[in-house]
Amino acid sequence: MDIQIKWYNERFNIGLASKEGAEPFITIKGCRVKQFENREFISFPAFKLDTGKWVNHVWASDAFQAAVIKKVKETMPKERRGDMSDLENDIPF
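Description of the structure in this document. The shown structure was predicted, so the numbers you read here are calculated from the model rather than taken from an experiment. In this convention, every chain numbers its residues from 1, walking through the sequence in written order. Only residues with pLDDT of at least 70 are given local features in this predicted model, and only at 80 or more are side-chain atom pairs given and counted; all residues enter the totals for whole chains, interfaces and linings. Derived side-chain values reflect all non-hydrogen atoms in the structure, with water molecules and hydrogen atoms excluded from consideration.

### Comments concerning unusual backbone geometry
Generally, phi is negative for residues other than glycine and the peptide bonds are trans, each holding for most cases.
Turning to step 1, where the next piece is worked out: Backbone geometry places Asn9, a non-glycine residue, at a positive phi of 60°.
Turning to step 2, where the next piece is worked out: Only runs of H or I of at least four residues qualify as helices and only runs of E of at least two qualify as strands under DSSP, and these elements are numbered from the N terminus. Counting through the fold element by element, Asn9 comes out in the loop between β1 (2–8) and β2 (11–17).
Turning to step 3, where the next piece is worked out: Taking the relative accessible area as the measure of exposure, Asn9 reaches 66% and is therefore exposed.
Turning to step 4, where the next piece is worked out: Of note, Asn38 is a non-glycine position whose phi angle comes to about 60°, a positive value.
Turning to step 5, where the next piece is worked out: Summarising the element assignment, Asn38 is placed in the loop between β3 (26–36) and β4 (39–43).
Turning to step 6, where the next piece is worked out: Buried, partly exposed and exposed residues are distinguished by accessible area as a fraction of the type maximum, computed with a 1.4 Å probe on protein chains only: under 20%, between the cut-offs, and over 50%, respectively. Exposure remark for Asn38: the relative accessible area of 84% places this residue in the exposed category.

Have a look at this one:
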């Protein structure tokens, strides 16, 4: 499987393809990397319930998140490189 990252300002889309150079068979749009207690994770798109609780549209294993974070760091635009803590960190959950 090939993980493809396309940047849009501080957010990115994750494309999953069968092999490098192939068209993605699934795309997850509007992702960000967040830090919480010295741990990085992927913040996937979410929606807010009437109760005020936020619910993710996507869940991913720790291994998949680690692979995506590695790819994100490799493809990050030069002006955003460096400490990941400068990424937007305002998601409410």
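### Observations concerning a nonpolar patch on the surface
Turning to step 1, where the next piece is worked out: Two distance rules govern patches: like charges are joined within 9 Å, and nonpolar side chains (Val, Leu, Ile, Met, Phe, Trp, Tyr) within 5 Å, applied only to residues with over 30% relative accessible area and no salt bridge. Every accessible area reported is derived by Shrake-Rupley at a probe size of 1.4 Å, with residue values counting cover from the shown protein chains alone. What counts as a salt bridge is simple: a side-chain nitrogen of Lys or Arg found within 4 Å of a carboxyl oxygen of Asp or Glu. Taken together, the side chains of Met1, Phe25 and Ile26 present a nonpolar region at the surface, about 370 Å² in accessible area.
Turning to step 2, where the next piece is worked out: Looking at the element boundaries, Met1 is found in the segment before β1.
Turning to step 3, where the next piece is worked out: Under the relative-accessibility criterion, Met1 is labelled exposed at 68%.

### Looking at the nonpolar core
Turning to step 1, where the next piece is worked out: Side-chain atoms within 4.5 Å link the members of a nonpolar core, which is a set of buried Ala, Val, Leu, Ile, Met, Phe, Trp, Tyr and Cys residues. One finds Ile5, Phe12, Ile14, Ile42, Val68 and Val72 to be the most contacted residues of the largest nonpolar core, which totals 17 residues.
Turning to step 2, where the next piece is worked out: For this core, the secondary structure elements donating two or more residues are β1, β2, β3 and α1 (62–75).
Turning to step 3, where the next piece is worked out: Of all the elements, α1 adds the most residues to this core, at four residues.
Turning to step 4, where the next piece is worked out: The contact definition used throughout considers only heavy atoms, calling two residues in contact when any of these lie within 4.5 Å. Apart from residues no more than four positions distant in its own chain, Ile42 is found in contact with Phe12, Ile14, Cys31, Arg32, Val33, Gln65, Val68 and Ile69.

### Thoughts on the pattern of salt bridges
Opposite charge on two side chains permits them to pair, given that their charged atoms come into close proximity.
Turning to step 1, where the next piece is worked out: Tallying each qualifying case throughout the model produces two salt bridges.
Turning to step 2, where the next piece is worked out: Between Lys73 and Glu40 there is a salt bridge whose closest N-O contact spans 3.1 Å. Residue Lys73 is found in helix α1, and its partner Glu40 is found in strand β4; the two are separated by 33 residues along the sequence.
Turning to step 3, where the next piece is worked out: Residue classification places Lys73 among the partly exposed residues on the basis of a relative accessible area of 39%.
Turning to step 4, where the next piece is worked out: For Glu40, a relative accessible area of 24% gives the class partly exposed.
Turning to step 5, where the next piece is worked out: Close ionic contact of Lys70 with Glu74 constitutes a salt bridge, the shortest N to O distance being 3.7 Å. Here Lys70 pairs with Glu74, and both are found in helix α1, just four residues apart, close to one helical turn.
Turning to step 6, where the next piece is worked out: On the accessibility criterion, Lys70 (55% relative accessible area) is exposed.

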